[in-house]
Amino acid sequence: MTIAHDVRAAGSGSGTVGGTASVVVRRVRDDEHRAVAEVLVTAYTHDFEISDSYRHSLGAVSRWASEHEVWVAVPAGEAGAGDATRVLGVVVTPALGGPALSALAQDGELDFRLLATHPDARGGGVGETLVRHVIGLARDRGARRVVMNSGDQMRAAHRLYERLGFGRLPERETRVVETKQGPTRLLAFGLDIADTDAPADTRDGRP
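Note that this is a predicted model, so its numbers are computed, not measured.

Conventions we followed
Going along each chain's sequence as written, the residues are numbered from 1 onward. Per-residue local features of the predicted model are confined to residues with pLDDT of at least 70, and side-chain atom pairs are confined, for both listing and counting, to 80 or more; whole-chain, interface and lining totals are unaffected and use all residues. Side-chain measures were taken over the full set of non-hydrogen atoms in the model, leaving aside hydrogen atoms and water. Comment: elements are numbered from the N terminus, with helices defined as DSSP H or I runs of at least four residues and strands as E runs of at least two. Relative accessibility thresholds used throughout: buried, under 20% of the residue-type maximum; exposed, over 50%; partly exposed, between the two (1.4 Å probe, protein chains only). Any pair of residues with heavy atoms lying within 4.5 Å of one another is described as a contacting pair. The Shrake-Rupley method, run with a 1.4 Å probe, gives the accessible areas here. Residue values count only the displayed protein chains as cover. Summary of the metric used: pLDDT quantifies the predictor's per-residue confidence within the range 0 to 100. Polar contact is the term for a pair of N or O atoms within 3.5 Å; when the atoms are in protein, one must be able to donate a hydrogen and the other to accept it, and sequence-neighboring residues count only if both atoms are side-chain atoms. A pair of strands is considered paired only if DSSP assigns at least 2 bridges between the two. Throughout, an axis means a line fitted to C-alpha atoms (over the contacting stretch in the case of helices), and angles, computed between N-to-C directions, take values from 0 to 180 degrees. Residues enter a nonpolar core if they are buried and are Ala, Val, Leu, Ile, Met, Phe, Trp, Tyr or Cys, with the set joined through side-chain atoms within 4.5 Å. Should an angle fall under 35 degrees it is taken as roughly parallel, and over 145 as roughly antiparallel, whereas 65 to 115 is taken as roughly perpendicular and any remaining angle as oblique. Crossing handedness: left-handed means the near helix sits turned counterclockwise from the far one by under a right angle, and right-handed means the same turn made clockwise. Just so you know the grouping, Ala, Val, Leu, Ile, Met, Phe, Trp, Tyr, Cys and Pro go in nonpolar, Asp, Glu, Lys and Arg go in charged, and all remaining residues, Gly too, go in polar.

1. Side note on the overall build of the protein
Helix and strand content of the protein: 5 helices and 12 strands. When burial is assessed residue by residue, the protein has 50% of its 207 residues classed as buried. Expressed as a percentage of contacts within the protein between residues at least 6 apart in sequence, the contacts between residues at least 24 apart total 66%. Surface accessibility of the protein: about 10,100 Å² in total, with carbon and sulfur atoms responsible for 48%.

What follows is the structure in structure tokens.
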């Protein structure tokens, strides 16, 4: 898999998914907020039973986009098209120069939330492309580490993180959230940027 990363303000990246179709990662457009909400809700409810309040939070894409950066994975051939139904995956990062998404992130760290791939697009590397994009952002912004919280039941995501070199941060696993299954302690993962390789393709020139 190759990743291209564009450090301009709008930001974009791309990856070859599954060795065949190409996927571009870019900032969400205003007309895609509903499609992003659908991907988030569909992805999380496909695997888990979520509370009404969490479902509402997933659907608040306009708020996420106004306060942070919402990135979408779309087919490369449709990267500039107006078809908002082709959002394949989503991830949220802090805005450049803005506050962290959660208390987990410390100085010099970049955190991310709401990593999701539509169930119909799974198995093609969309999630990995999004995480690699986050790693590229962290490197470009001078962060020393990427961190995130994850529910203990999200085992497929944990396998992805571990494959990419993330490790557990048990000393930071202090946050407990209420779920339909009862109180759940969130796991914490981190990846030191110094331990990662720069992408093979570092610029793609896309707007």
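2. A few points about the confidence of the model for the protein
Across the protein, the average pLDDT comes to 82, with 78% of residues at 70 or higher. Throughout residues 1–12 the model reports pLDDT below 50, and contacts reaching past four residues in sequence, or to other chains, amount to 54 contacts. Overall, residues 16–20 carries pLDDT values under 50, and its contacts beyond four positions in sequence, including any with other chains, amount to 11 contacts.

3. Remarks on the side chain of S150
Within the secondary structure, S150 sits in strand 8 (residues 145–150). Residue classification places S150 among the buried positions, given a relative accessible area of 3%. Separated by 2.9 Å, the side chains of S150 and H158 make a polar contact. Setting aside residues no more than four positions away along its own chain, S150 makes contact with H158, Y161, L186, L187 and F189.

4. Concerning the sheet that holds strand 9 (residues 167–168)
With mixed pairing, 4 strands are arranged side by side in an open sheet as 6-8-12-9. Edge positions in the sheet fall to strand 6 (109–111) and strand 9, since each has one partner strand and no second. Note that strand 6 and strand 8 share 3 bridges and pair parallel. The partner of L110 across the bridge, within strand 8, is V146. Against the sheet, helix 4 (residues 126–140) engages strand 6, strand 8 and strand 12 (187–192), with an angle of about 140° to strand 8.

5. Some points on the nonpolar core
Within the largest apolar cluster, 28 residues are counted, with the highest numbers of intra-cluster contacts made by F112, L115, V131, Y161 and F166. Among the elements of the structure, strand 3 (22–27), strand 4 (69–75), helix 4, strand 8, helix 5 (155–163) and strand 12 are those that each provide at least two residues to this core. Considering every element that reaches this core, the biggest residue donor is helix 4, with 7 residues. Every residue in contact with Y161, bar those within four places of it in the chain, is listed here: F112, L115, V131, M148, S150, F166 and F189. Core analysis: the second largest hydrophobic core is formed by 25 residues, V41, A60, V87 and V90 among them.

6. Some points on the packing of helix 4 against helix 5
Geometrically, a packed helix pair is captured by the angle between its two axes and the distance between the axes. Direction vectors running N to C along helix 4 and helix 5 enclose 50°, while the axes themselves pass 11 Å from each other. Considering their axes alone, helix 4 and helix 5 lie oblique with respect to each other. As helix 4 packs across helix 5, the resulting crossing turns out to be right-handed. Counted together, G127, E128 and V131 of helix 4 and L160, Y161 and R163 of helix 5 form the full contact between these two elements. Broken down by class, the residue content of the contact of helix 4 with helix 5 amounts to 3 nonpolar, 1 polar and 2 charged.

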